[in-house]
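# Topology and contacts: notes
Spelled out, the chains give:
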Amino acid sequence: MTPYTYQRGETISLALDAITGDPAQVIAISAAMKAVPPGRSEASASASFAASFLVTPRAASGDDPAGWTLTIPAIVSASLSPGAYVADARLEVAGGVIVTDSVAIRLRQSVSA
């Protein structure tokens, strides 16, 4: 999995597209990321969240489907350690719960911050 790379102190922003189904049927959505220990490819199930994303609905626009923008503000990313992280989202819909595939995030130390 190719990681999305950000600098510490930079806003982390990911798009979660509603590729199938009606996004209006989503009752609740949350997203978080956990640190991945060196030498591993996954976070420990018992590890605490490194950060939670702010979730903002996004309307369809042109070829871009409706969905959500997942954001970790710059002030929060500045407090995180450089390294590897994984993130996913949990959506509650009328028919149950959907957990997205994980995405890899690499956080690097900024020179200017």
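This structure is a prediction, so every number in the text was calculated from the model and none was measured.

Conventions adopted
Residues numbered from 1 in each chain as written. Predicted model: local features only at pLDDT ≥ 70, side-chain atom pairs only at ≥ 80, totals over all residues. Heavy atoms only, no water. Helix = DSSP H or I, 4+ residues; strand = E, 2+ residues; numbered from the N terminus. Core = buried A, V, L, I, M, F, W, Y, C linked by side-chain atoms within 4.5 Å. Buried < 20%, exposed > 50% of the residue type's maximum accessible area, 1.4 Å probe, protein only. Contact = heavy atoms within 4.5 Å. Salt bridge = Lys/Arg side-chain N within 4 Å of Asp/Glu carboxyl O. Pairing = 2+ DSSP bridges. Axes fitted to C-alpha atoms, helices over the stretch in contact; angles between N-to-C directions. Polar contact = N/O pair within 3.5 Å; in protein donor to acceptor, adjacent residues only side chain to side chain.

### A word on the environment of glycine 39
By secondary structure assignment, the location of glycine 39 is in the loop between β3 (26-36) and β4 (51-52). When the C-alpha positions of glycine 39 and proline 65 are compared, they lie 36 Å apart, and in sequence the two are 26 residues distant.

### Description of the nonpolar core
By size, the foremost hydrophobic cluster in this structure holds 20 residues, and its most contacted members are Ile12, Met33, Phe53, Trp68, Leu70 and Ile105. Elements that contribute at least two residues to this core include exactly β2 (12-17), β3, β6 (67-72), β7 (83-93) and β9 (103-108). In terms of residues, this core owes the most to one element, β7, which gives four residues. Discounting chain neighbours no more than four positions away, the residues touching phenylalanine 53 are Ile12, Leu14, Ala31, Ala32, Met33, Leu70, Thr71, Ile72, Ala87 and Ile105.

### Notes on the pattern of salt bridges
Counted under the stated rule, the structure contains two salt bridges. Here glutamate 92 makes a salt bridge to arginine 90, at a shortest N to O gap of 3.0 Å.

### A look at the environment of leucine 16
Mapped onto the elements of the fold, leucine 16 is located in strand β2. We classify leucine 16 as buried; its relative accessible area is 16%. Spatially, the C-alpha atoms of leucine 16 and glycine 67 are 5.6 Å apart, while their sequence positions differ by 51 residues. Sequence-distant contacts of leucine 16, defined by excluding residues within four places in its chain, comprise Ile29, Arg58, Gly67, Trp68, Leu70, Ala89, Leu91 and Thr100.

### A look at the sheet that holds β6
Strand order in this open sheet of three strands is β2-β6-β5, and the pairing throughout is antiparallel. Only two strands of the sheet have a single neighbouring strand rather than two, namely β2 and β5 (54-58). Averaged over all pairs of adjacent strands, the angle between their axes in this sheet comes to 25 degrees, without regard to strand direction. Two elements, β2 and β6, share six bridges in a ladder whose sense is antiparallel. Of the residues in β6, the one forming a bridge with leucine 16 is tryptophan 68.

### Notes on the side chain of serine 77
In this fold, serine 77 is placed in helix α1 (residues 74-77). Classification of serine 77 as buried rests on a relative accessible area of 0%. A polar contact of 3.0 Å, which involves the side chain of serine 77, links it to the backbone nitrogen of glycine 9. Those residues in contact with serine 77, other than ones at most four positions away along the chain, are Gln7, Arg8, Gly9, Glu10, Ile12, Ile72 and Leu107.

### Considerations on the environment of methionine 33
Assignment of secondary structure puts methionine 33 in strand β3. Residue methionine 33 is classed as buried on the basis of its relative accessible area of 1%. With 27 residues separating them along the chain, methionine 33 and tyrosine 6 place their C-alpha atoms 14 Å apart.

The values reported here are purely geometric and, on their own, carry no functional implication.
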